[in-house]
Every structure is written in C-alpha cells, then in structure tokens.
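Here is how the chains run, residue by residue.
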Amino acid sequence: MVIKVFLASSSGSTAIKKKQQDVVGFLEALKVDYTQLDIACNEENRMWMRQNVPVDKKPTNGIPLPPQIFNEDSYCGDYDTFFDAKEDNSVYAFLGLPPPPGSKEAEQAAKVLGVENGTPAEEPKADGSVDASAEVPVEERNGDAHGEEEQAADEEEVEGEGEGGEEEDVADEETAGDEALAEEEEEAVEETDEQANAQEEDEQEEADEDREEEAE
C-alpha cells in the first residue's frame, strides 16, 4: 500500500504550504512510505485528485485544495482530518495502515480490542512482566477482601458467644453454690437455736425441781 499526498509545489498560499509541510514532516517522522504528487505541474494529478475526493468531502465550490491524502485509490482525508487523527494518536488508522508494535496507537488498539472482547488488556511493567492483579477487577478483589473480613467477624462473634456462654455457666454455678451455702448456714442457725431452746428448758426444769425440794 502506497500513501499518496497531493501537493501544490508552487502554491501562492502560505497557509497551504504550511499544511503541506506539516503533513509531509509528520509522515517522515513516523517513517511512513509515501509519494508526493504535484498538482501544480501535473494536470493529470490535479484532475485525478479532484475526481477521487468524495463529493461530501469537497468544499462548497466543489474544488478540493491540497494537501489531499490517499491510500492507493482510497481517500483518507484532507489536512483537517489528518490533524484530528494526529491529535487523537490515530494517524495509522487514518491512513489505513496497521500501527507498528510498541506505538501508542497499537497500545490503544489493543485496549479497545480487549474491552470489546470483555477481557481488558494487561499493561506490562517496565521489566516486561505483567501485574497479576490486573487480571482480577478491583471490585472482585475488594469483594473477596470484604468477604474475608465478614468471615473473620463471624468467627470472632461465635467465639465471643462461646466465651459468654462459659461465663454464664460459671456464674450460674457460683450462684447455685452461694444458695447452697446460704441454706447450710440457715440450717445451722436453726439447729443452734433448737439446741439453745432445749438447754434453757432443761435448766428451767432443774430449777423447778430445786424449788420443789426446798419447799418440802
């Protein structure tokens, strides 16, 4: 495929000359093979250019001005569309050429292709390796981390409930022990009272007997 750039070597317009220089200079910087076709000195080139520029791309007067760019017989565009492609890093697409590997346009094309296929392209690191985390979307990684946090929280809650249950059991045992001790103390007090009452009754009986003997 040959890129054709139609120029006017003897144009009196400074603006046209500048646009032609911009196009040619940028193609040379990209090392794109192209052919310059002069419409000022070659009537055949001028007629071919005018006939092959699409009607909807021609100005209102119907006469397209240079520079006009073609890929073989396929129309690429004029200076304005070329400039827009340059600003968007899509000059190779504008020219109908595959972007060279490693170029910004190639990287963008790979990303677009990956998004269309549903698999985002992995960006290599400076050492050429690929970040494994790029394979998993951020939402999924955050979801996994959140799931682990919830699981850990559930485990802590279960452990807390177990510990709380043990404490309640201990407290119940202590309460039962206190109640038993209180019952034992109460029984001991009652027994002591009974013994004291019995001793008083015995003493009273002995006193009564002594008084009776004295009376006799």
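Asks: Got a minute to help me understand the sheet that holds strand β1 (residues 3-7) in this structure?
Replies: The pairing of strands in a sheet happens through backbone hydrogen bonds and is either parallel or antiparallel. With mixed pairing, the 4 strands of this open sheet are ordered in space as β2-β1-β3-β4. Strand pairing shows two members of the sheet lacking a second neighbour, β2 (34-38) and β4 (74-78), which therefore form its edges. Geometrically, the sheet is characterised by an average inter-axis angle of 25° between neighbouring strands, direction not taken into account. Both strand β3 (residues 68-71) and β4 contribute to a ladder of 4 bridges, which runs antiparallel. The residue bridging Gln68 from the neighbouring strand is Asp78, located in β4. Running over the sheet, helix α2 (residues 43-52) touches β1, β2, β3 and β4 and is turned about 80° from β3. Running over the sheet, helix α3 (residues 79-87) touches β3 and β4 and is turned about 85° from β4.

Asks: Looking at this model, I keep getting lost on the side chain of Lys4. Mind explaining?
Replies: Position of Lys4 relative to the elements: it lies in strand β1. Here Lys4 is in contact with Thr35, Leu37, Gln68, Ile69, Phe70, Glu72 and Asp73, once residues within four sequence places are set aside.

Asks: Help me out: how do you make sense of the pairing of β2 in this one?
Replies: Taken residue by residue, a regular strand's side chains alternate between the two faces of the sheet. Sheet topology note: the β1/β2 ladder contains 5 bridges and is parallel. Paired with Val5 across the bridge in β2 is Gln36. In this view, the connection linking β1 to its parallel neighbour β2 by way of helix α1 (residues 14-29) has right-handed handedness.

Asks: Could you clarify how one ought to interpret the pairing of β3 in this entry?
Replies: Going residue by residue along β3, you find Gln68 and Phe70 tucked away on one face and Ile69 and Asn71 tucked away on the opposite face as well. Strand direction decides the pairing type here: β1 and β3, joined by 4 bridges, are antiparallel. Directly across from Lys4, in β3, lies its bridge partner Phe70. Where β3 folds back onto β4 in an antiparallel hairpin, the turn is made up of 2 residues, including Glu72, whose phi is positive at roughly 55°.

Asks: Even after reading the chapter, I still don't get the pattern of salt bridges, so can you show me in this structure?
Replies: Side-chain pairs of opposite charge can arise where the charged atoms are in close proximity. With the rule as written, the count across this model stands at 3 salt bridges. The partner of Asp22 in a salt bridge is Lys18, with the nearest N and O atoms 3.3 Å apart. Of this pair, Asp22 and Lys18 both sit in helix α1, 4 residues apart, roughly one helical turn.

Asks: Is there a simple way to think about the packing of aromatic side chains in this case?
Replies: The description of an aromatic ring pair rests on the distance of the ring centres and on the angle between the ring planes. Scanning the entire structure with this criterion turns up 7 aromatic pairs. Centroid distance Phe70 to Tyr75: 5.1 Å. Interplanar angle 65°. Geometry classified as edge-to-face. Counting every residue linked through ring pairs, the aromatic cluster contains Phe6, Trp48, Phe70 and Tyr75. Note that Lys4 overlies the ring of Trp48, its terminal NZ or CZ placed 5.1 Å from the centroid.

Asks: Please clarify how the side chain of Asn71 should be interpreted in this entry.
Replies: Turning to its location among the elements, Asn71 is positioned in strand β3. Judged by its relative accessible area of 8%, Asn71 is buried. Among the polar contacts made by the side chain of Asn71, one reaches the main-chain carbonyl oxygen of Leu95 at a distance of 2.7 Å. In this view, Asn71 contacts Met1, Val2, Ile3, Cys76, Leu95, Gly96 and Leu97; residues no more than four positions away in its chain are not counted.

Reading the values: the criteria
- Residues numbered from 1 in each chain as written.
- Predicted model: local features only at pLDDT ≥ 70, side-chain atom pairs only at ≥ 80, totals over all residues.
- Heavy atoms only, no water.
- Pairing = 2+ DSSP bridges.
- Helix = DSSP H or I, 4+ residues; strand = E, 2+ residues; numbered from the N terminus.
- Axes fitted to C-alpha atoms, helices over the stretch in contact; angles between N-to-C directions.
- Contact = heavy atoms within 4.5 Å.
- Right-handed = clockwise from strand over helix to strand, strands pointing away.
- Buried < 20%, exposed > 50% of the residue type's maximum accessible area, 1.4 Å probe, protein only.
- Salt bridge = Lys/Arg side-chain N within 4 Å of Asp/Glu carboxyl O.
- Phe/Tyr/Trp six-rings, centres within 6.5 Å; stacked < 30°, edge-to-face > 60°.
- Lys NZ or Arg CZ within 6 Å of the ring centre and 35° of its normal.
- Polar contact = N/O pair within 3.5 Å; in protein donor to acceptor, adjacent residues only side chain to side chain.

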